[in-house]
Amino acid sequence: MKTLIMFILFFLYMLFCSSIECNNNHIPHPLDPLTPSEFNLIRTIILKSYKTNLTFHYIGLHEPDKHLIKSWLSSNSKTKSLQTPPRQAFIIARFQKQSLEIIVDFSTHSIISTKIYKGQGYPMLTFGEQTIASELIFSYKPFKDSLNKREINISNVLCATFTTGWFGTEERTKGTVKVKCYYNNDDSANLYVRPLEGFAAVVDLDEMKIVSYSDRYVIPVPKAEGTEYRASKMKPPFGPKLKGIGVSQHDGPGFTIEGHSVSWANWVFHVGFDIKAGPIISLASIYDLEKQKYREVLYKGFISEVFVPYQDPTEEWYYTTYFDCGEYGFGQSMSSLQRFTDCPANAVFIDAYYSGSDGVPVKIPNAFCIFEKYAGDIMWRHTEIAIPNEVITEVRSDVSLIVRAVSTVGNYDYVIDWEFKPSGSIKVEVGLTGILGIKAGTYTNTDQIKEDIYGTLLADNTIGVYHDHFFTYYLDLDIDGEANSFVKTNLETVKVKDHKILRKSYWTIVKETAKTEGDARVNIGFKPSELVVVNPNKKTKQGNTIGYRLLPGPILHPLLVNDDYPQIRGAFTNYNVWVTPYNKSEKWAGGLYVDHSRGDDTLAVWSLRDREIENKDIVLWHTMGFHHVPSQEDFPVMPTLSGGFELRPTNFFERNPVLKTKSPKSIHWPNCTSQH
């Protein structure tokens with residue numbers, strides 16, 4: 001009987017723990033993402049006040065002030081649970097055609113702040129309203145007439161919603177989306193390459209009804225031949241055969257995860273999640289072997305906005321200028337990752353949760369994978385043959401830690417990697433794959449084309465439209481503390497004036513410390529320079545200012561004119577680098593309300609204040625990306641195109657921090673022999 005009672009008590013305890021995500025060994029971290037029980041509590045609290053007809057568009061962590069986080073981190077383990085900063089959530093909801101900004105406090109189970117947003121723009125679209133809007137068209141008679149005119153069976157049609165932007169109207173724009181459709185049947189699952197061109201509906205999301213419809217012309221639907229990408233549907237002949245590659249760690253992973261905090265090699269950091277941004281890396285510090293302590297590097301980093309303007313100005317395409325974070329949500333668009341394909345066998349997975357439009361938590365299983373990577377890379381090496389009768393070769397294997405997520409926004413898949421290296425570098429990479437934005441056309445060969453078709457003819461009646469991908473990263477670097485400066489180390493040519501010297505020129509460096517935001521704006525590529533965030537208050541033994549430099553990613557500059565409406569909204573891409581003073585409310589480069597925004601709440605507008613940034617708590621913003629001219633190799637599914645940047649220590653350490661690092665031991669498989 002006693003055993004039965006103990007079992008029941010243990011069962012109830014585990015049930016209770018699972019309902020509140022408790023863990024005796026884990027003190028809740030103030031930057032941990034919201035949990036399912038917290039989402040449910042938010043929903044209960046808010047619906048108690050607003051009853052019905054309320055739609056949740058954004059629910060995220062209302063982060064504690066930075067100084068509270070720093071204070072909590074510096075407290076000892078015994079007092080941490082007592083000193084945990086207030087746990088709160090920030091909510092944007094639509095109620096009676098207005099956007100409400102609500103802050104909920106978990107300790108008091110109450111709403112502590114409510115504000116009605118009066119500005120331009122709308123919150124991020126929810127999957128719920130997109131689904132309803134795309135289904136409205138199927139009971140709309142003009143739509144059925146359009147299909148009948150094209151002799152298309154309605155059962156083979158799928159539709160999707162597209163944001164429509166803002167194009168100079170002075171009156172307040174309604175929250176609307178365009179609904180366009182695709183042909184789908186058993187011939188191929190690749191519906192995005194079979195658009196039904198020439199007709200579209202406009203749906204008012206508040207009224208949830210079709211407010212306009214157009215059918216301007218009939219274009220042939222591209223054929224499905226050769227567009228299937230499912231392995232189970234492929235038929236021979238197949239491509240090159242790749243032999244199996246095994247990844248094994250007999251002693252288990254070399255990293256530990258406690259909650260969302262990760263410890264690996266000489267790094268510690270926190271992995272967070274946001275419905276809008278997706279992955280968030282916070283509190284990254286590296287252990288300095290000589291100083292025998294962890295030193296701060298990155299307080300927070302994430303993709304703040306992704307701007308994807310297509311370059312077709314015609315009636316059916318001109319508005320196709322997406323903001324993937326602010327309009328569609330990089331977080332809610334994250335895919336569940338698969339072992340052996342998305343991630344290697346040695347990966348560890350973390351789930352993520354976001355709120356649906358009804359406030360009910362939605363789980364993304366295996367939203368993140370974390371794994372150690374060794375692909376035969378070299379950390380450092382040297383071969384010395386100058387010493388008589390001796391050849392010295394020293395090599396260290398380069399192992400790194402990857403945090404990976406994939407966001408699938410409609411047709412495109414974005415592979416997001418944060419890579420930590422023992423040398424102190426943080427490498428950030430994005431891989432673009434998925435399916436191109438396709439426009440149907442009348443052409444089957446380039447010889448027929450006598451006009452600008454705004455893209456590349458990829459197959460019969462199939463045009464891959466020109467477009468851009470701008471990724472703007474928020475990087476709050478705290479290099480050994482919050483007081484930092486931004487230094488441009490310009491490389492300048494000097495002519496030799498002494499005629500006795502045979503050289504006529506050389507280059508040297510001229511350092512320029514940015515005093516204000518205006519000084520810090522940089523378009524990379526116009527002038528050779530190193531861009532470094534330094535702590536001007538700390539130096540190495542040799543007197544060099546410690547810092548981290550930005551090794552920029554693939555550089556692109558906007559090709560739209562500055563007063564074009566999409567570029568006004570995306571003006572944060574006008575420079576590759578911006579530096580702003582830290583402001584808790586300035587985190588979204590395209591603004592908080594991006595859908596139908598007018599560009600009046602962007603990084604470009606904030607920076608016009610030209611605030612002081614020298615020896616301050618500053619944020620570095622970096623935009624990288626691609627001008628994409630589609631090619632036939634990108635069709636019907638695009639091989640991954642990758643690019644990234646690096647944050648690299650620069651006079652941060654006294655010497656090479658991995659000088660004494662040993663290469664990992666090789667694994668010898670039993671009963672196996674090498675074949676030569």
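Since this is a predicted model, take the numbers as computed values, not measurements.

Looking now at the overall build of the protein chain. Looking only at helices and strands, the protein chain features 10 helices and 32 strands. C-alpha extents for the protein chain along the principal axes are approximately 90 × 85 × 65 Å. Expressed as a percentage of its 676 residues, the buried residues of the protein chain come to 50%. If you take every contact in the protein chain between residues at least 6 apart in sequence, the share linking residues at least 24 apart comes to 68%. Of the accessible surface of the protein chain, which amounts to about 33,300 Å², a share of 54% is contributed by carbon and sulfur atoms. Measuring between centres, the 71 positive side-chain charges of the protein chain sit 4 Å from its 76 negative side-chain charges.

Attention now moves to unusual backbone geometry. Going from P236 to P237, the amide bond is cis rather than trans, its omega being 5 degrees. With respect to the element layout, P237 can be found in the loop between strand 8 (209-215) and strand 9 (255-258). Of note, the amide linkage connecting F635 to P636 takes the cis form, showing an omega dihedral of 5 degrees. Take P636: it is sitting in the loop between strand 31 (616-628) and strand 32 (638-650). At F340, a residue that is not glycine, the phi angle is positive and equals roughly 80 degrees. Of the residues examined, F340 reaches a relative accessible area of 65% and is grouped as exposed. At N461, a residue that is not glycine, the phi angle is positive and equals roughly 60 degrees.

Evaluated as defined, the whole model comprises 36 aromatic pairs. Pairing F652 with F653 gives two aromatic rings, centres 5.0 Å apart and planes at 80 degrees, and the pair type is edge-to-face. Residue F653 is classed as buried on the basis of its relative accessible area of 12%. Members of the aromatic cluster, each reached through a chain of ring pairs, are F162, Y310, W317, Y322 and Y328. In this structure, K66 packs its charged tip against the face of Y299, placed 4.5 Å from the ring centre.

Right, let's get into the nonpolar core. Within the largest apolar cluster, 125 residues are counted, with the highest numbers of intra-cluster contacts made by W418 and F486. Sorting elements by how many residues they give to this core places strand 13 (residues 293-309) first, with 7 residues. Setting aside chain neighbours within four positions, we find W418 in contact with I281, L298, G301, F302, L401, I402, V403, I426, K427, V428, Y473 and L475. Counting residues in each nonpolar core, the second largest holds 22 residues, with L34, I59, I102 and V104 among its members.

Let us look at the side chain of S597. In this structure, S597 sits in the loop between strand 30 (577-581) and helix 10 (603-606). Look at S597 and you get buried, because its relative accessible area is 5%. Polar contacts involving the side chain of S597 include one to the main-chain carbonyl oxygen of V594, which spans 2.8 Å. Other than its neighbours up to four places away in sequence, S597 contacts G121, W166 and R569.

Counting across every chain of the model gives 2 disulfides. The disulfide partner of C159 is C181, and the S-S distance across this bridge is 2.1 Å. Between C159 and C181, the disulfide has an S-S torsion of 95 degrees and is therefore right-handed. Taken together, the residues span a long stretch of sequence, with C159 in strand 5 (residues 157-163) and C181 in strand 6 (residues 176-183) at a distance of 22 residues. Classification of C159 as buried rests on a relative accessible area of 15%. Its relative accessible area of 2% is what places C181 among the buried residues. Disulfide pairing places C343 opposite C369 at an S-S distance of 2.1 Å. Judged by the torsion about the S-S bond (-90 degrees), the C343/C369 disulfide is left-handed. A residue pair is termed long-range when its members are at least 10 positions apart, and C343 in the loop between helix 7 (324-328) and strand 15 (348-355) and C369 in strand 16 (residues 361-373) qualify at 26 residues. For the residue pair C343 and C369, the accessibility class agrees, reading buried in each case.

As a further point, take the domain arrangement of the protein chain. Taken domain by domain, the protein chain holds domain 1 (26-117), domain 2 (127-233) and domain 3 (260-650). Summarising the inter-unit geometry, the C-alpha centres of domain 2 and domain 3 are found 33 Å apart. In this assembly, domain 2 packs against domain 3 so that about 3,100 Å² is buried in total across both faces, 59% of it on carbon and sulfur atoms. It is T163, W166 and F167 in domain 2 that bury the most area against domain 3; as a group they hold 24% of the surface buried on that side. Where domain 2 meets domain 3, there are 1 salt bridge. Between E316 and R216 there is a salt bridge; the shortest N-O distance is 2.6 Å. Linking domain 2 to domain 3 there are 13 residue pairs in polar contact (both at pLDDT 80 or more). Every element with two or more residues in the side of domain 2 that touches domain 3 is listed here: helix 5 (127-136), strand 5, strand 6 and strand 7 (195-204). Considering only residue class, the side of domain 2 that touches domain 3 consists of 12 nonpolar, 15 polar and 8 charged.

Attention now moves to the pattern of salt bridges. In the structure shown here, the tally under the stated rule is 36 salt bridges. Note that D478 and K66 form a salt bridge whose closest N and O atoms lie 3.1 Å from each other. On the criterion of sequence distance, the pair formed by D478 in the loop between strand 25 (467-477) and strand 26 (483-495) and K66 in helix 3 (residues 66-74) is long-range, its members being 412 residues apart. For D478, a relative accessible area of 1% translates into the label buried. By relative accessible area, which is 5% here, K66 ends up buried. Taking the shortest distance from any N to any O, the salt bridge between E296 and K70 comes out at 2.9 Å. With E296 in strand 13 and K70 in helix 3, the pair connects residues that are 226 residues apart, well separated along the chain. Relative accessible area serves as the criterion here: at 27%, E296 is assigned to the partly exposed category. Here the salt bridges do not stand alone but share partners, grouping K66, K70, E296, D476, D478, E482 and D617 into one network.

Calculation rules
- Residues numbered from 1 in each chain as written.
- Predicted model: local features only at pLDDT ≥ 70, side-chain atom pairs only at ≥ 80, totals over all residues.
- Heavy atoms only, no water.
- Helix = DSSP H or I, 4+ residues; strand = E, 2+ residues; numbered from the N terminus.
- Buried < 20%, exposed > 50% of the residue type's maximum accessible area, 1.4 Å probe, protein only.
- Contact = heavy atoms within 4.5 Å.
- Areas by Shrake-Rupley, 256 points an atom, 1.4 Å probe, with all protein chains shown as cover.
- Lys, Arg positive; Asp, Glu negative; His and termini not counted.
- Charge placed at Lys NZ, Arg CZ, Asp CG, Glu CD.
- Phe/Tyr/Trp six-rings, centres within 6.5 Å; stacked < 30°, edge-to-face > 60°.
- Lys NZ or Arg CZ within 6 Å of the ring centre and 35° of its normal.
- Core = buried A, V, L, I, M, F, W, Y, C linked by side-chain atoms within 4.5 Å.
- Polar contact = N/O pair within 3.5 Å; in protein donor to acceptor, adjacent residues only side chain to side chain.
- Disulfide = S-S within 2.5 Å.
- Domains from an automatic or database assignment.
- Buried area = accessible area lost by both parts, 1.4 Å probe.
- Salt bridge = Lys/Arg side-chain N within 4 Å of Asp/Glu carboxyl O.
- Nonpolar A, V, L, I, M, F, W, Y, C, P; charged D, E, K, R; others polar.

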